[in-house]
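A closer look at the structure
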Amino acid sequence: LELLLRYAWYDTDCNKSGYIDQSEFLQLLSRINIYLKQEKAIQIYKKFIKEQHNNNQRKSKLSLRNFNKQHGITLEECVYLLRKIRKILHATSENGKDKKRNNTDHRRNEISDAIFDRLFGPEKEVVSAREFLHGFLHWKQNDGGATLEDVRNLFQKLNGMELSQLGEDNDDEEEGGRVDGGKGGDDNDGGKENKEETIDRLHFAEYLFGPHNDAFRPEKVMFDRTLMDKPLSHYWINTSHNTYLTGDQLKSLSSVEMYAAALQRGCKCLEIDCWDSDSKTNNPMVYHGYTVTSKIPFDEIISCVKAYVDANPETLPIILSLENHCTHPFQKTMAQTLETTLGDALYIPKPGMLLLPSPVELVGKVLIKGKRPADKEDDETITVESVDQTLPDGKENSSEPVLPKICPELARLTMFNGVKYRNFEQSNEMSCTDMHSFSELKVSKLTKDPANVPLWRKYNLDHLSRTYPAGGRVDSSNYNPIAAWSLGCQMVALNFQTDDSAMVLNDGRFRENGGCGYVLRPRSTFPMNEDRNSCKGRVMLRIRVLAAACLPKPNGDIAGEVIDPFVVVRVHDMIDSVKVDGSGSSPKTKVIKDLAGMSITGAKNSVVKDITDKSNVIKRSI
């Protein structure tokens, strides 16, 4: 309710005074789809104004400010009034009359009350923390890890939201009785203790519709250090493509702030395109080559990364993916900058590594991905990630630019060595620190041959794979990451500056494990040698849409009603991920005809989806 109200508040408050008067209050009710008779709404508004004025004189708990009738009501006071109206709507008849009816019969028309009745009994108005723990979290939600202390903390938050406690005594009088019905609470307790011990029906409904009842499994959100002891190749790693860009790939600005934003978003692999500059200090510039994107100094990016590590010393390893176009003098400066700026945070690999280290072994470290000296035929120049290029003199660049060989000073710091892909049989014989980068088109081409799938997964057992958007995505759009994740590719690079469906999926994927940027891959992404049936087989996913509340008007309209709404559930799995637009399949619920009110219920409103790999599926509802 508060979120929808805040969305509409600032349009309704025309003079931006921070208050709305009676007429604006009526407009606001219509804007957020609360259909109450005008005379009733005016009566509630005027009564509240009078109570606020009287209580201000008594200096009671209702006195939140030096009240002035001429100003109207504030946003916080409006929240309280809307909750009061919800209680009235809750207790009135379905045909819109103000005549009270049996509360128990009417509550069964509301999904939250139906759940409350079934769990705790129709005669109750409040539920205790202990009843909530055992009767709901343990029994209904199967959340065996929840404790009484967890519930008390939850109740404290629910009871403390906005002005939910404002005018409770007067509200009880309006409804014709005590909120708790004489059950479940002690009149003399009050204060923090009382807020921790019970919640009423309305707060239970707010819990069901709020972030505390997120569909995301609570234990998956928490960081689990015990899972961080496997080799790096066993994890999905949150990865950014052309991190420096603020917009498209051709002419947008480059900014150091994009690195800070990506790190704060949980990104653990940052891309840096380095080019020679006119600087007398040989400080490279970072920009998208052969375009008109702006340039930023290399050393400022490294300083940004160092500042993040200093502020987050327990961060899991950060990987800097260097696309190096610099000559040796500039490469030497890069090496010097990395060592002097990062200091002990820079991880310098030891030669002859047989197994990749684990994330927990690299806490607080920065790793370098790039090139080490190699035979010319191994040069990874074909993976330059840019659009069709034009040379400065206006001539077309018929071949991809040849990257210069790496100087020893920089090669010594490089952990992951980019090597050109030829075939997986040869790739599996490489050192564990050698890795491949694949464009999204290459991923699609390779997976057309089913024989490549188990070979790629075998390669990803001990090595890293990085994928990136096709060069044709000059608008910085993204590809669907599900296919690459399903193959076990650890670094699925996306354009973080574009908030599209792919980035929504990425944010959902890396919400796991405390948002640390590393998620342990499921068994289905590994070679299926030991247990071929452990993750195979199709499952039927059935999603039941219970209710929707406070629906905004379509297309941002401020007038009219919410008519015939429905919920679209997008499910992304391996088959759907091959779609170029990355939209996934989109079953939808039945349409709720002629909605006139704040919420809809759909006890039989379900969508069904056939899932090929339940361990690598992501659901979105819109």
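The shown structure was predicted, so the numbers you read here are calculated from the model rather than taken from an experiment.

1. Structural notes on the environment of I85
One can find I85 in helix 4 (residues 75–91). The class of I85 is buried, set by a relative accessible area of 0%. With 44 residues separating them in the primary sequence, I85 and A41 have C-alpha atoms 8.2 Å apart. Look past the residues within four positions of I85 in its chain and what remains in contact with it is F25, L29, I34, L36 and I44.

2. Some thoughts on the pattern of salt bridges
Tallied over the entire structure, the rule returns 15 salt bridges. Between R201 and D113 there is a salt bridge; the shortest N-O distance is 2.9 Å. Placement of the pair is R201 in helix 11 (residues 201–209) and D113 in helix 6 (residues 111–120), with a sequence separation of 88 residues. Taken as a pair, R201 and D113 share a single burial class, namely buried. When the shortest N-O distance is used, the salt bridge between D229 and K230 registers 3.3 Å. The partly exposed category is assigned to D229, whose relative accessible area is 47%. A relative accessible area of 34% places K230 in the partly exposed class.

3. Structural notes on the pairing of strand 7 (residues 318–324)
In terms of burial, strand 7 is largely enclosed, as 7 of its 7 residues are buried. Side chains of strand 7 alternate between two faces, with I318, L320, L322 and N324 and I319, S321 and E323 buried alike. Examined bridge by bridge, strand 4 (residues 269–275) and strand 7 share 6 bridges and lie parallel to one another. Paired with I272 across the strands is L322, a residue of strand 7. Bridge count for strand 7 against strand 8 (residues 366–370) is 4 bridges, and the pairing is parallel. Bridge pairing in strand 8 links L320 to I368. As for the winding sense of the linkage, the β-α-β connection from strand 7 through helix 15 (residues 328–342) to strand 8 is right-handed.

4. Describing the packing of helix 7 (residues 129–138) against helix 8 (residues 148–159)
Where helix 7 meets helix 8, the axes come as close as 9 Å, and the angle between the chain directions of the two elements is 110°. It follows from the interaxial angle that helix 7 and helix 8 lie roughly perpendicular. Between helix 7 and helix 8 lies a crossing whose hand is right-handed. Facing A129, R130, F132, L133 and L137 of helix 7, the residues of helix 8 in contact are L148, V151, R152, L154 and F155.

5. Quick word on the packing of helix 6 against helix 11
Close contact between helix 6 and helix 11 brings their axes to 9 Å; oriented N to C, the two are set at 110°. Comparing their axes, helix 11 and helix 6 come out roughly perpendicular. Our pair here, helix 6 against helix 11, has a crossing hand that is right-handed. When helix 6 is examined against helix 11, the residues I111, S112, D113, I115, F116, D117, L119 and F120 are found in contact with a partner set consisting of R201, F204, A205, L208 and F209. The class makeup of the residues in the contact of helix 6 with helix 11 is 9 nonpolar, 1 polar and 3 charged.

6. With respect to the environment of N159
By the element assignment, N159 lies in helix 8. Note: C-alpha distance between N159 and E196 (37 residues apart in sequence) is 8.0 Å. A distance of 2.9 Å separates a polar atom in the side chain of N159 from the backbone oxygen of T198.

7. What about the confidence of the model for the protein?
On average, residues of the protein score 78 in pLDDT, and 69% of them are at 70 or above. Segment residues 162–191: pLDDT under 50, and 56 contacts once partners within four positions in sequence are set aside and those in other chains are kept. Note that pLDDT drops below 50 for residues 594–604; the model gives that stretch 39 contacts with residues more than four away or on any other chain.

8. Quick notes on the packing of aromatic side chains
This structure, assessed with the given rule, holds 22 aromatic pairs. Ring geometry for F424 against Y459: centres 6.1 Å apart, planes inclined by 50°, an arrangement best described as tilted. Of this pair, F424 sits in helix 17 (residues 424–427) while Y459 sits in helix 19 (residues 452–462), and the two are 35 residues apart along the sequence. With respect to class, F424 is no different from Y459; both count as buried. Put simply, the rings of F116, F120, F132, F136, F155, F204 and Y207 pair up and form one aromatic cluster. Across from the ring centre of W485, 4.8 Å away, lies the NZ or CZ of R509, which sits over that ring.

9. Thoughts on helix 21 (residues 501–509)
When we look at burial in helix 21, the residues that qualify are A502, M503, L505, N506 and R509. Mapping the buried residues of helix 21 onto a view down its axis gives an arc of 155°, with all of them on the same face.

10. What about the side chain of T333?
Inspection of the secondary structure puts T333 in helix 15. In this structure the side chain of T333 is engaged in a polar contact, spanning 3.2 Å, whose partner is the backbone oxygen of N282. Beyond its immediate sequence surroundings of up to four residues, T333 is in contact with T281, N282, N283 and P284.

11. Brief notes about the nonpolar core
Of all hydrophobic cores here, the largest spans 83 residues; its most connected members are I272, L320 and L338. Tallying contributions element by element places helix 14 (residues 298–311) first for this core, with 7 residues. Beyond its immediate chain neighbours, meaning those up to four positions away, I272 contacts Y259, V286, F298, I301, I302, L320, S321, L322 and E323. Residues I20, I73, C78 and V79 belong to the second largest nonpolar core, which totals 24 residues.

12. Side note on helix 15
If you check helix 15, its first and last C-alpha atoms are 21 Å apart, about what 15 residues at 1.5 Å a residue would give, namely 21 Å. Of the positions making up helix 15, those classed as buried are F330, Q331, T333, M334, A335, T337, L338 and L342. Phi for G343, located one or two positions after helix 15, is positive at around 60°.

13. Quick word on unusual backbone geometry
Of note in this structure, N142 is not a glycine but carries a positive phi near 55°. Tracing the backbone shows N142 in the loop between helix 7 and helix 8. One non-glycine residue, Y290, lies in the positive phi region at around 60°. Within the secondary structure, Y290 sits in the loop between strand 5 (285–286) and strand 6 (296–297). Judged by relative accessible area, which is 27%, Y290 ranks as partly exposed.

The rules we used
Residues numbered from 1 in each chain as written. Predicted model: local features only at pLDDT ≥ 70, side-chain atom pairs only at ≥ 80, totals over all residues. Heavy atoms only, no water. Helix = DSSP H or I, 4+ residues; strand = E, 2+ residues; numbered from the N terminus. Buried < 20%, exposed > 50% of the residue type's maximum accessible area, 1.4 Å probe, protein only. Contact = heavy atoms within 4.5 Å. Salt bridge = Lys/Arg side-chain N within 4 Å of Asp/Glu carboxyl O. Pairing = 2+ DSSP bridges. Right-handed = clockwise from strand over helix to strand, strands pointing away. Axes fitted to C-alpha atoms, helices over the stretch in contact; angles between N-to-C directions. Parallel < 35°, antiparallel > 145°, perpendicular 65-115°, else oblique. Left-handed = near helix turned anticlockwise from the far one by under 90°. Nonpolar A, V, L, I, M, F, W, Y, C, P; charged D, E, K, R; others polar. Polar contact = N/O pair within 3.5 Å; in protein donor to acceptor, adjacent residues only side chain to side chain. pLDDT = per-residue confidence, 0-100. Phe/Tyr/Trp six-rings, centres within 6.5 Å; stacked < 30°, edge-to-face > 60°. Lys NZ or Arg CZ within 6 Å of the ring centre and 35° of its normal. Arc of directions from axis to C-beta. Core = buried A, V, L, I, M, F, W, Y, C linked by side-chain atoms within 4.5 Å. Expected span 1.5 Å × (residues − 1).

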